[in-house]
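Below, each chain spelled out in residue letters.
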Amino acid sequence: MDDLSTKIQATRDRIRRAAERAGRDPQSVRLVAATKYVEAPRVLDAIRVGLTICGENRWQEARAKMQAVGERGDVEWHFIGRLQRRKLKWLVGRFNLIHSVESLEQAEEIQRRAHERHTSQAILLEVNVGGEESKGGFPPDALPSAVSQIDTFPSVCVQGLMTVPPWNPDPEVTRPYFQRLKQLAELISGLPLQRVRMRELSMGMSNDFEVAVEEGATLVRVGTALFGPRREPAP
Ligand SMILES: *Cc1c(COP(=O)(O)O)cnc(C)c1O
């Protein structure tokens, strides 16, 4: 518990120093704890020592933790994992923000489900900045036209962009991908859109979140630096 408290504090300090180096307001960056494979009691401990945003990758796992934590106004749930079309009905209306919308079809399905539930869903659009075959996400070139269409969906609120760049142990190698995401957000901000906002950039993980903050991240998704290495539990 103390260990968790120390790690959360140390991570927040590193975020603050990175923001200051870049001349940014440290308050403009929020820590999303990537809580996949972390058991509910440990998530509760983390909340007790100040964690405010849980980022989950799977609905089944998230649901159990949401039940354990209960309704509370000081905790947000974000969905950061790969989306499956048939699972979207469970997610819409239950997550404050879905980071990982990777196609127009997914946005359409979210629109349909949100309308059904008489709610509106905040989302980010995931961009495949590295053009990797193994990863989902909008190709950068496809983004402006997709965003213009999603802008007309009344129950979907695009809040910004998200990316998972190609993995590299050296965060300096990753830096240009973060710059690219920021440039794309600026480009979209210049388009004549009604409802789409580019207020969030979700980028940076344990290995590279400081560089991401230097390049404009407003949401960093950090797992290992808070909870240590974890593995998928055996089924
Ligand atoms: C697990 C995960 C993270 C956190 O990764 P760490 O390297 O453990 O900090 C961030 N984003 C996504 C989408 C993840 O699945």
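Rules of the game
Residues numbered from 1 in each chain as written. Predicted model: local features only at pLDDT ≥ 70, side-chain atom pairs only at ≥ 80, totals over all residues. Heavy atoms only, no water. Phe/Tyr/Trp six-rings, centres within 6.5 Å; stacked < 30°, edge-to-face > 60°. Helix = DSSP H or I, 4+ residues; strand = E, 2+ residues; numbered from the N terminus. Buried < 20%, exposed > 50% of the residue type's maximum accessible area, 1.4 Å probe, protein only. Expected span 1.5 Å × (residues − 1). Contact = heavy atoms within 4.5 Å. 1 Å grid on protein atoms, 1.4 Å probe; cavity = no way out; pocket = protein on both sides within 12 Å on 5 of 7 lines; lining within 4 Å. Points joined across faces, edges and corners; volume = space filled by probe spheres on them. Near = heavy atom within 4 Å. Polar contact = N/O pair within 3.5 Å; in protein donor to acceptor, adjacent residues only side chain to side chain. Areas by Shrake-Rupley, 256 points an atom, 1.4 Å probe, with all protein chains shown as cover. Sits in = over half its atoms within 2 Å of the grid points. Nonpolar A, V, L, I, M, F, W, Y, C, P; charged D, E, K, R; others polar.

To continue, consider the packing of aromatic side chains. Per the stated rule, a full pass over the model turns up two aromatic pairs. Judged by centre distance (6.2 Å) and plane angle (70 degrees), the ring pair of W59 and F95 falls under edge-to-face. One end of the pair, W59, is in helix α3 (residues 59-69); the other, F95, is in the loop between α4 (88-91) and β4 (97-101), and 36 residues separate them in sequence. Neither W59 nor F95 differs from the other in exposure class; each is buried. Measuring from ring centre to ring centre gives 5.4 Å for F79 and F95, while their planes differ by 85 degrees; the resulting arrangement is edge-to-face. You can see F79 sitting in strand β3 (residues 76-79) and its partner F95 sitting in the loop between α4 and β4, a full 16 residues away along the chain. F95 carries the same exposure label as F79, and that label is buried.

For helix α5 (residues 104-116), built from 13 residues, the straight-helix expectation of 18 Å at 1.5 Å per residue is met to within 8% by its first-to-last C-alpha distance of 18 Å. All of the buried residues along α5 are L104, Q106, A107, E109, I110, Q111, R113 and A114. Packed against the buried residues of α5 are α4, β4, β5 (121-126), α6 (143-150) and β6 (156-162). Positive backbone phi, approximately 55 degrees, marks H118, located one or two places after α5.

This part is about the layout of surface pockets. Volume-wise, the largest pocket comes out at about 590 Å³. Lining the largest pocket are 31 residues; nearest its centre among them are K36, N57, V164, M205 and R221.

The next thing to look at is the site of the ligand. Inspection of the region around the ligand gives A34, K36, N57, I80, M205, S206, R221, V222, G223, T224 and R230 as its neighbouring residues. Note that a nitrogen atom of the ligand is positioned 2.9 Å from one of the side-chain N or O atoms of R221. At 2.6 Å, a side-chain N or O of T224 approaches an oxygen atom of the ligand. Contact with the protein chains covers 84% of the free accessible surface of the ligand, which is 390 Å². Structurally, the ligand is housed in the largest pocket. Of the residues belonging to the shell around the ligand, the class tally is four nonpolar, four polar and three charged.

In short, geometric facts, not functional conclusions.
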